Amino acid sequence: MSFKIAIIGAGSVGFTKKLFTDILCVPEFRDVEFALTDLSEHNLEMIKAILDRIVESNGLPTKVTATTDRRQALAGARYIISCVRVGGLEAYADDIRIPLKYGIDQCVGDTICAGGILYGQRNIPVILDFCKDIREVAEPGAKFLNYANPMAMNTWAAIEYGKVDTVGLCHGVQHGAEQIAEVLGAKSLGELDYVCSGINHQTWFIDLRLNGRKIGKDELVAAFEAHPVYSQQEKLRIDVLKRFGVYSTESNGHLSEYLPWYRKRPEEITRWIDMSDWIHGETGGYLRHSTETRNWFETEFPQFLESAGKPIDPAKRSNEHASHILEALETNRVYRGHFNVKNNGVITNLPADAIIESPGFVDRFGINMVSGVTLPEACAATCIASINVQRMSVHAAISGDIDLLKLAVLHDPLVGAVSTPEEVWQMVDEMVVAQARWLPQYADAVPAAKERLSKSKVQTRDWAGAARRSVRSIEELRAEKAALKQAG
C-alpha cells in the first residue's frame, strides 16, 4: 500500500530515525512516502542521509523527501507527525530561569507549571498553523499525531481550534509499566496487564495484574522499596504511591512539578530528589541535559550513518505508539495503547472538554477509547487542578489575553504554593517580554508589560542561589555515598 507520512520537526534526528524504522517494520508499508520538514536545512540533510541509507541498504522502494517548505511536505499527506520544540533552548532557558527567581523550582518545565504554560503559549499558534495547512493541503481526513509537549495543551488546541483529527502520543505509560514489571519480578512485560488512566504526565496505574493476579498497593510499595535503584531514584513517586494508593507514570522529577507539596522550599527538595540523573528531580535538570547534549547528533552522525546500513530488525521495533496506530488503521490488525484524546465522558470524573490519556483500541474504524473509567478521588482531584490550568492556558494562547495567562499561572499548583499574586503578575510580564519573538498573540501586550516592569517594586529573591546550594549539598551526599561504597 502507498500513502504519505509527513514529519514536522524531522530535524530531531534520533527520534525521527526511530519513527521511520518502526514504521518500516510493517511489511505493508514498504511503498510509503516520507516527507521530512524542519526549520534547519542542516538537520534535514543529516536525517535524510541516514534514512536514505536505511532505504538503500534494505532494498526498499520507500521514498524520502526533505524540505523547509512545510506546506509542500504536508501536501497529500495521510498522516502528519509533529515533534517540534518552538523557541528551542533559548526560550526554554527562560522557562526555567525566570520562574526560579520567584521561587518556582522546576526540573523539566514542559507540561504545566510556569515553564510548561509559557511553552504552550509558544507552541499553540504554531500548532494552529500546522492545522490550517493540514486542512488545506493534506489528504482529506488526515490524522495529526502530536508528540510535542505540552502534550495536553497542544492536543487541546489542535482539536478544539485547529479542527483536525488529532491524537497525542507519549511513552510515559510504557516506561512506568516497565518499572512495575521489573520490581514485581516479571520475566517479560507481557506478564503484566494494566489499566492506566488520567491526563498526560499524570496518568495512574489504577489496575495491575501479574499473570492474572491482582497487585495491590501494599505489594507494590514493598516491591519498590526493596528495589536497590528505584527506592533511591523514585522516593517522591513512592511517597505518592503510599498516600494515593496507585503508582504514577511519571519520573520523580516530572511528578514533583505537578504537585504543590514537594518543591516549594529549597531545603525540602533535597529530601525527595536523587542526583544520579537529571530526570530524578535536579533543579533545571532537563535544561542542563539538553544544553550539554544539544549537538550530540553532530558528533554521532558517523555512527548513525553506519548503523543505518544494517537490515531493519522487526524484533527491535520500539514501543512508540505511532507505527502501531498506523498499522492498525491501515491493516485492521488491532492495537491496544494509551492515547491523548478529548474526554467526552471516557473518564467519568474528569471534565468532558479535557484532554485525557487513557486506554484505547485501534483498528480500521479508528481509535476507540475504553469508556466508563473512574479514577480514584485523589487522582481525579490532582488531574482536575491541572486541567483547569491547561484550559485557561489554551484559551489565553488563542486570545492573547495576558490577564487570563496570569490567572492560569496563578492557579498552577506549584506556583500557588510558592509565589504571591504580585510575584506571579511580574513574573509573567517578565517571561512574555523575554519571549516576545515567539508570542505573536501578545504583541499588543508587550509594551505595557515592559512599562510595568520598569516601575515594579516586587523584589525577587536569591532562590536560584538557594537552589544551587541545594544541588551542592546533594552532590556532597553523592560523594559521601561513593566514599562509603568504596570503603565497602
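- An unreviewed UniProt entry lists the protein chain under the name Alpha-glucosidase/alpha-galactosidase, with Rhizobium sophoriradicis given as the organism.
- Under the Sequence similarities (unreviewed entry) heading, UniProt states for the protein chain: "Belongs to the glycosyl hydrolase 4 family."

## As for the overall build of the protein chain
In step 1: Along the protein chain, the regular secondary structure elements total 22 helices and 13 strands.
In step 2: Computed over C-alpha atoms, the radius of gyration of the protein chain comes to 23 Å, within 12% of the 23 Å expected from 2.2 N^0.38 for 488 residues, which places it in the range of a compact globule.
In step 3: Dimensions of the protein chain along its principal axes, counting C-alpha atoms only, are 60 × 60 × 50 Å.
In step 4: Each of the 488 residues in the protein chain was classed as buried or not, and the buried ones make up 57%.
In step 5: Once local pairs closer than 6 in sequence are excluded, the contacts in the protein chain between residues at least 24 apart make up 71%.
In step 6: Of the roughly 19,800 Å² of accessible surface on the protein chain, 51% is carried by carbon and sulfur atoms.
In step 7: Across the protein chain, the mean location of the 54 positive side-chain charges is 1 Å away from that of the 63 negative side-chain charges.

## Focus: the UniProt feature "binding site: Mn(2+)" (unreviewed entry) in the protein chain
In step 1: Those places that UniProt annotates as "binding site: Mn(2+)" (unreviewed entry) correspond, in this numbering, to Cys-170 and His-201. These annotated residues cover 32 residues of sequence, but their C-alpha atoms sit close together, with the largest distance between any two at 8.6 Å.
In step 2: Assignment of secondary structure puts Cys-170 in the loop between β6 (165-168) and α7 (172-183).
In step 3: Residue contacts for Cys-170: discarding those within four places in its chain leaves Tyr-147, Met-151, Asn-200, His-201, His-321, Asn-340 and Glu-357.
In step 4: With respect to the helices and strands, His-201 occurs in the loop between β7 (192-199) and β8 (202-210).
In step 5: When near neighbours in sequence (up to four residues on either side) are disregarded, His-201 contacts Asp-110, Thr-111, Asn-149, Cys-170, Thr-249, Glu-250, His-254, Tyr-258 and Glu-357.

## Focus: the nonpolar core
In step 1: Ranked by size, the top nonpolar core spans 99 residues in total, and within it Ile-5, Ile-81, Phe-339 and Leu-350 carry the most contacts.
In step 2: It is helix α17 (residues 377-399) that provides the largest number of residues to this core, a total of 8 residues.
In step 3: When residues no more than four places from it in sequence are discounted, the contact partners of Ile-5 are Ile-23, Val-32, Glu-33, Phe-34, Ala-35, Tyr-79, Ile-81 and Leu-326.

## Some points on a nonpolar patch on the surface
In step 1: Residues Val-334, Phe-361 and Val-370 make up a contiguous nonpolar surface patch of roughly 240 Å² in combined accessible area.
In step 2: Note that Val-370 resides in the loop between β13 (366-369) and α17.

## Some points on the pairing of strand β12 (residues 355-363)
In step 1: The element β12 is largely enclosed, with a buried count of 8 among its 9 residues.
In step 2: Direction of pairing for strand β11 (residues 335-342) relative to β12: antiparallel, over a ladder of 8 bridges. Each bridged residue has a counterpart across the sheet, and for Val-341 the counterpart in β12 is Ile-356.
In step 3: By the bridge criterion, 4 bridges tie β12 to β13 in an arrangement that is antiparallel. Bridge pairing links Val-362 to Ile-367 in β13.
In step 4: Between β12 and β13, which pair antiparallel one after the other, the connecting turn spans 2 residues.

## Let's talk about the UniProt feature "domain: Glycosyl hydrolase family 4 C-terminal" (unreviewed entry) in the protein chain
In step 1: The feature "domain: Glycosyl hydrolase family 4 C-terminal" (unreviewed entry), as given by UniProt, occupies residues 196-415 in the numbering adopted here.
In step 2: Helix makes up 47% of residues 196-415 and strand makes up 17%, while its end C-alpha atoms are separated by 27 Å.

## A short note on the packing of helix α8 (residues 217-226) against helix α10 (residues 235-244)
Think of two packed helices as two axes; the pair is described by the angle between the axes and how far apart they sit.
In step 1: Here α8 crosses α10 at 165°, and the two axes come no closer than 10 Å. Here α10 runs roughly antiparallel to α8, going by the angle between their axes. For the pair α8 and α10, the crossing hand works out as left-handed. Residues Lys-217, Leu-220, Val-221, Phe-224 and Glu-225 of α8 form the contact with α10, whose participating residues are Ile-238, Leu-241 and Lys-242.
In step 2: In the contact of α8 with α10, the residues fall into 5 nonpolar, no polar and 3 charged.

## A few points about the confidence of the model for the protein chain
When pLDDT drops low, the exact placement of atoms in the prediction is not to be read closely.
In step 1: Here the protein chain averages 94 in pLDDT, while 94% of its residues score no lower than 70.
In step 2: Counted against residues more than four places away or in other chains, residues 465-474, with its pLDDT under 50, gives 14 contacts.

## Side note on the side chain of Ser-197
In step 1: With respect to the helices, strands and loops of the structure, Ser-197 is situated in strand β7.
In step 2: Within the structure, the side chain of Ser-197 is placed 2.8 Å from the side chain of Ser-358, a separation counted as a polar contact.
In step 3: Aside from chain neighbours lying at most four places away, what touches Ser-197 is Gln-202, Thr-203, Trp-204, Ile-206, Ile-347, Glu-357, Ser-358, Pro-359, Val-373 and Leu-375.

## Quick look at the packing of aromatic side chains
Where two aromatic rings form a pair, the distance of their centres and the angle of their planes describe that pair.
In step 1: Applying the stated criterion to the full structure yields 14 aromatic pairs.
In step 2: Between Phe-15 and Tyr-147, the ring centres sit 4.9 Å apart and the planes meet at 80°, which makes this aromatic pair edge-to-face. Of the two residues, Phe-15 is situated in helix α1 (residues 13-24) and Tyr-147 in the loop between β5 (143-146) and α6 (151-160); the sequence distance between them amounts to 132 residues. Summarising the burial analysis for this pair, Phe-15 and Tyr-147 share the class buried.
In step 3: Following the ring pairs from residue to residue traces out a cluster consisting of Trp-204, Phe-244, Trp-261, Tyr-262 and Trp-272.

## Here we look at α8
Since the α-helix packs 3.6 residues into each turn, any two residues three or four apart lie on the same face.
In step 1: The complete set of buried residues in α8 reads Leu-220, Val-221, Ala-223 and Phe-224. Viewed along the axis of α8, the buried residues span an arc of 165°, placing them on a single side of the element. Turned more than 90 degrees from where α8 packs its buried face, Asp-218 and Ala-226 sit exposed.
In step 2: For α8, the secondary structure elements touched by its buried residues are α7, β8, α9 (230-233), α10 and β10 (247-248).

How each quantity is defined
Residues numbered from 1 in each chain as written. Predicted model: local features only at pLDDT ≥ 70, side-chain atom pairs only at ≥ 80, totals over all residues. Heavy atoms only, no water. UniProt positions renumbered as here; feature names shortened; annotations may be inferred. Helix = DSSP H or I, 4+ residues; strand = E, 2+ residues; numbered from the N terminus. Rg over C-alpha atoms; globule rule 2.2 N^0.38 Å. Buried < 20%, exposed > 50% of the residue type's maximum accessible area, 1.4 Å probe, protein only. Contact = heavy atoms within 4.5 Å. Areas by Shrake-Rupley, 256 points an atom, 1.4 Å probe, with all protein chains shown as cover. Lys, Arg positive; Asp, Glu negative; His and termini not counted. Charge placed at Lys NZ, Arg CZ, Asp CG, Glu CD. Core = buried A, V, L, I, M, F, W, Y, C linked by side-chain atoms within 4.5 Å. Patch = residues over 30% accessible without salt bridge, like charges linked within 9 Å, V, L, I, M, F, W, Y side chains within 5 Å. Salt bridge = Lys/Arg side-chain N within 4 Å of Asp/Glu carboxyl O. Pairing = 2+ DSSP bridges. Axes fitted to C-alpha atoms, helices over the stretch in contact; angles between N-to-C directions. Parallel < 35°, antiparallel > 145°, perpendicular 65-115°, else oblique. Left-handed = near helix turned anticlockwise from the far one by under 90°. Nonpolar A, V, L, I, M, F, W, Y, C, P; charged D, E, K, R; others polar. pLDDT = per-residue confidence, 0-100. Polar contact = N/O pair within 3.5 Å; in protein donor to acceptor, adjacent residues only side chain to side chain. Phe/Tyr/Trp six-rings, centres within 6.5 Å; stacked < 30°, edge-to-face > 60°. Arc of directions from axis to C-beta.

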